[in-house]
Amino acid sequence: MRSYSVRACIFLVVLSQVARSQEFEVPRADGGGWFKGNTHTHTTMSDGDSSPEEVTRWYKSHGYRFLVLSDHNILTDPRTLSTLVDSSFLLIPGEEVTSSFQKKPVHVNGLNISRAVSPQTDSTLLGTVQRNVDAVRDAGGAPHINHPNFGWAIDQATLAQVKNNKLLEIFNGHPSVHNYGGSGKPGLEEVWDHLLTSGMRIYGIAADDAHHFKEEFAPNRSNPGRGWVVVKASQLDAEEIIRNLEAGHFYASTGVELEDVRIESRRMEIRIKQKSNFGYRTEFIGSGGKVLHRTEYNPAVFELGGEAKYVRAKVRDSGGFVAWVQPVFVKVK
Ligand SMILES: [Zn+2]
Ligand SMILES: [Zn+2]
């Protein structure tokens, strides 16, 4: 009995040392503000129903601070829409580099590219994804891999091998992209946790992929306003926005707004912007997609305890809308 309790004590001491030695990688405090934007939308330059000017006006008049027009294999020069750009609203040059492998769609957005990017092909699926990612990088842009479950085209084993890509759509507002998986295929949040657990530093984007700004707004149409990102940046500037996106200094949303996300060495605090009488439930999620802590308080607070490689948070409101707080990685001291 005595030796059992001694052993238990030693175990607890070791366990607490393991816990104590873990700390969050605290992001550099950047000041500035939070900027709402959409990184994926279409116009009549490809298969959208409205002109670049009409689409830009929609986002500007709905409180977005930046927009990427991402037409299929077409770069729209923001200078052609300069009358809509001012200190409150930024257009970032972009394109949806649209390729395929064995008739399955391989779509990679290029954000803040300096020139149009031609779609790339390859003899393998991984090679096709990688070559398009690389082509975006070569044009000075930031890639994000779009709707992997569209056409069930890009599986997680392939995604896990892609290099030099930091952004992945985990929510896309188009009605036929299978965000949530099913029939044996993982949803995009599961895929994201798989990649994070394998050690990849990859951040989750929510985007509209809007095509339909005219006529009826309905669930089976590809309308705007369904998914976006809110980026913490020192100023509204294309390079600043993209740098902070690629550093994970943002949250993705389908409707939940946050006031702030505060990271300290062993503590994460999420301040939710209260909307009328809505209720909120926050999950803090770690390796393998495991829920580490669940709370209905606002602010939602998580204290780093047991072992984790990363911790991310998901805030869901009583109407079903969500905010995804980006993963914060854990370092062992
Ligand atoms: Zn696409
Ligand atoms: Zn698209």
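Residues numbered from 1 in each chain as written. Chains lettered and ligands numbered in written order. Predicted model: local features only at pLDDT ≥ 70, side-chain atom pairs only at ≥ 80, totals over all residues. Heavy atoms only, no water.

### What about the domain arrangement of the protein?
- Splitting the protein by domain gives domain 1 (1-25 + 258-333) and domain 2 (31-254).
- Computed from C-alpha atoms alone, the centre-to-centre distance between domain 1 and domain 2 is 28 Å.
- At the interface, 22 residues of domain 1 touch 21 residues of domain 2.
- When the two sides are added together, the surface that domain 1 and domain 2 hide from each other amounts to roughly 1800 Å², 53% of it contributed by carbon and sulfur.
- At the boundary of domain 1 and domain 2, one finds 4 salt bridges.
- The salt bridge involving Glu189 is made with Lys314; its shortest N-O contact spans 2.8 Å.
- Taken together, the connections running from domain 1 to domain 2 amount to 13 residue pairs in polar contact (both at pLDDT 80 or more).
- Of all elements in the fold, only β12 (258-264), β14 (280-286), β17 (310-317) and β18 (322-332) reach the threshold of two or more residues within the side of domain 1 that touches domain 2.
- In terms of residues, the side of domain 1 that touches domain 2 owes the most to one element, β18, which gives 7 residues. (Domains from an automatic or database assignment. Contact = heavy atoms within 4.5 Å. Buried area = accessible area lost by both parts, 1.4 Å probe. Salt bridge = Lys/Arg side-chain N within 4 Å of Asp/Glu carboxyl O. Polar contact = N/O pair within 3.5 Å; in protein donor to acceptor, adjacent residues only side chain to side chain. Helix = DSSP H or I, 4+ residues; strand = E, 2+ residues; numbered from the N terminus.)

### Overview of the coordination of the zinc ion (ligand 2)
- Note on the zinc ion (ligand 2): its protein donors are His40 (NE2), His42 (NE2), Glu96 (OE) and Asp209 (OD). The metal-donor distances range over 2.0 to 2.2 Å.
- Every donor counted, the 4 donor atoms about the zinc ion (ligand 2) form angles of 83 to 173 degrees at the centre, which fits irregular coordination.
- All donors of the zinc ion (ligand 2) belong to a single chain; written as a sequence motif, their spacing is H-x1-H-x53-E-x112-D.
- Between the zinc ion (ligand 2) and the zinc ion (ligand 1) the interatomic distance amounts to 3.4 Å, and Glu96 serves as a bridging ligand to the pair. On the criterion of sequence distance, the pair formed by His40 in the loop between β2 (33-38) and α2 (52-61) and Glu96 in strand β5 (residues 94-101) is long-range, its members being 56 residues apart.
- Given the relative accessible area of 0%, His40 is considered buried. (Donors = N, O, S within 2.8 Å, 3.2 Å for Na, K, Ca; no water. Tetrahedral: all angles 85-135°; square planar, octahedral: opposite > 155°, others 65-115°. Buried < 20%, exposed > 50% of the residue type's maximum accessible area, 1.4 Å probe, protein only.)

### Considerations on the environment of Asp193
- On the secondary structure map, Asp193 appears in helix α5 (residues 188-197).
- The buried category is assigned to Asp193, whose relative accessible area is 7%.
- With 119 residues separating them along the chain, Asp193 and Arg312 place their C-alpha atoms 9.4 Å apart.
- With residues near it in sequence (within four places) discarded, Asp193 still touches Ile285, Gly286, Gly288, Gly289, Tyr310 and Arg312.
- A polar contact of 2.7 Å, which involves the side chain of Asp193, links it to the side chain of Arg312.

### Examining the sheet that holds strand β13 (residues 267-272)
- The strand order across the open sheet formed by 3 strands is β12-β13-β16, and the pairing between neighbours is antiparallel. The two strands at the open ends of the sheet, each matched to only one other strand, are β12 and β16 (300-303). Neighbour to neighbour, the strand axes of the sheet diverge by 5 degrees on average, direction disregarded.
- Bridging between β13 and β16 involves 4 bridges; their strand directions are antiparallel. Residue pairing across strands places Met268 opposite Phe302, the latter belonging to β16. (Pairing = 2+ DSSP bridges. Axes fitted to C-alpha atoms, helices over the stretch in contact; angles between N-to-C directions.)

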